[in-house]
Amino acid sequence: MRPFFWDTSAFVSLVFVEPQSERASRAMAEGKTHHAWDWMAVEANAALMRRGATPAHHALLKVHLSRMHWHTLPPEALDQIIHKNRDWKLRAADAGHLFCLQLLHLVDRRFQLVSFDEEMCRAAKSDGLAVL
């Protein structure tokens, strides 16, 4: 079992029924541990608000968020993220997610990205990171 690093695109599929929901649920069940950049909590809550989520959706999100190991990016990493994103060409938050995963991957090479964002997956693979 590998540690999984979650992107918001996959995480929200745990709350709403979407084409990739079954895949996201399998990843949640199969992962040894689940990790994310702490900004994902903001993004996931925003996604629920924008979609008009019910109280049941919010309760389910809270359960899934409680399973996560959260990681913070220090302010001094901003220049490094900007530099890396010259190659990746991702949206700002996606670059933050991928940079956070890259730091975790330096400590444990078993980390695997769980994302349904094609651009992020492509950038991760180009840097030698494993993608679910």
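Quick caveat: nothing in here was measured; it's all calculated off a predicted structure.

Enquirer: Explain the overall build of the protein to me, please; I cannot follow it from the model alone.
Expert: The number of helices and strands found in the protein is 7 helices and 5 strands. When the helices and strands of the protein are listed from N to C terminus, the series reads β-α-α-β-α-α-β-α-α-β-α-β. The C-alpha radius of gyration computed for the protein amounts to 14 Å, which stays within 12% of the reference 14 Å derived for 132 residues, consistent with globular compactness. Principal-axis analysis of the C-alpha atoms gives the protein an extent of 40 × 30 × 25 Å. Going through the 132 residues of the protein one by one, you find that 49% of them count as buried. Sequence separation of 24 or more characterises 70% of the internal contacts of the protein that already satisfy a separation of 6 or more. Taking the average place of the 16 positive charges on the side chains of the protein and the average place of its 15 negative ones, the gap between the two points comes to 4 Å.

Enquirer: I tried to follow the pattern of salt bridges on my own but got confused; where do I start?
Expert: Pairing between side chains of opposite charge can happen when the charged atoms of each approach one another. On inspection of all chains with the given rule, the structure shows 7 salt bridges. The partner of Glu18 in a salt bridge is Arg51, and the shortest N-O contact between them spans 2.4 Å. A residue pair is termed long-range when its members are at least 10 positions apart, and Glu18 in the loop between helix H1 (8-11) and helix H2 (21-30) and Arg51 in the loop between helix H3 (39-50) and helix H4 (55-65) qualify at 33 residues. Owing to a relative accessible area of 45%, Arg51 belongs among the partly exposed residues under this scheme. Arg26 is the salt-bridge partner of Glu22, the closest N and O atoms lying 3.2 Å from each other. Of this pair, Glu22 and Arg26 both sit in helix H2, 4 residues apart, which is roughly one turn of the helix. Judged by its relative accessible area of 59%, Glu22 falls in the exposed class.

Enquirer: Could you clarify how one ought to interpret the sheet that holds strand S5 (residues 130-131) in this entry?
Expert: Pairing between the strands of a sheet comes from backbone hydrogen bonds, and it takes one of two forms, parallel or antiparallel. Ordered in space as S3-S2-S1-S4-S5, the 5 strands form an open sheet in which the pairing is parallel. The two strands at the open ends of the sheet, each matched to only one other strand, are strand S3 (68-71) and S5. The pairing of strand S4 (residues 112-114) with S5 spans 2 bridges and is parallel. Within S5, the residue paired with Gln112 across the bridge is Ala130.

Enquirer: How do you make sense of a nonpolar patch on the surface when you look at a structure like this?
Expert: On the surface, Leu103, Leu106 and Val107 cluster together into a nonpolar patch covering about 320 Å² of accessible area. With respect to the helices and strands, the residue Val107 is situated in helix H6 (residues 92-107). Note on Val107: relative accessible area 74%, which makes it exposed.

Enquirer: I would appreciate a short explanation of the nonpolar core in the present structure.
Expert: Side chains of nonpolar character tend, in soluble globular proteins, to be buried together. Judged by nonpolar contacts, the single largest core of 22 residues is most densely connected at Phe5, Trp88, Leu98, Leu101 and Leu113. Every element with two or more residues in this core is listed here: helix H5 (78-88), H6 and helix H7 (118-126). With 7 residues, H6 is the single largest residue contributor to this core. Once residues within four sequence positions are removed from consideration, Phe5 is found in contact with His35, Ala36, Trp37, His97, Cys100, Leu101, Leu104, Phe111, Gln112, Leu113 and Val114.

What counts as what
Residues numbered from 1 in each chain as written. Predicted model: local features only at pLDDT ≥ 70, side-chain atom pairs only at ≥ 80, totals over all residues. Heavy atoms only, no water. Helix = DSSP H or I, 4+ residues; strand = E, 2+ residues; numbered from the N terminus. Rg over C-alpha atoms; globule rule 2.2 N^0.38 Å. Buried < 20%, exposed > 50% of the residue type's maximum accessible area, 1.4 Å probe, protein only. Contact = heavy atoms within 4.5 Å. Lys, Arg positive; Asp, Glu negative; His and termini not counted. Charge placed at Lys NZ, Arg CZ, Asp CG, Glu CD. Salt bridge = Lys/Arg side-chain N within 4 Å of Asp/Glu carboxyl O. Pairing = 2+ DSSP bridges. Patch = residues over 30% accessible without salt bridge, like charges linked within 9 Å, V, L, I, M, F, W, Y side chains within 5 Å. Areas by Shrake-Rupley, 256 points an atom, 1.4 Å probe, with all protein chains shown as cover. Core = buried A, V, L, I, M, F, W, Y, C linked by side-chain atoms within 4.5 Å.

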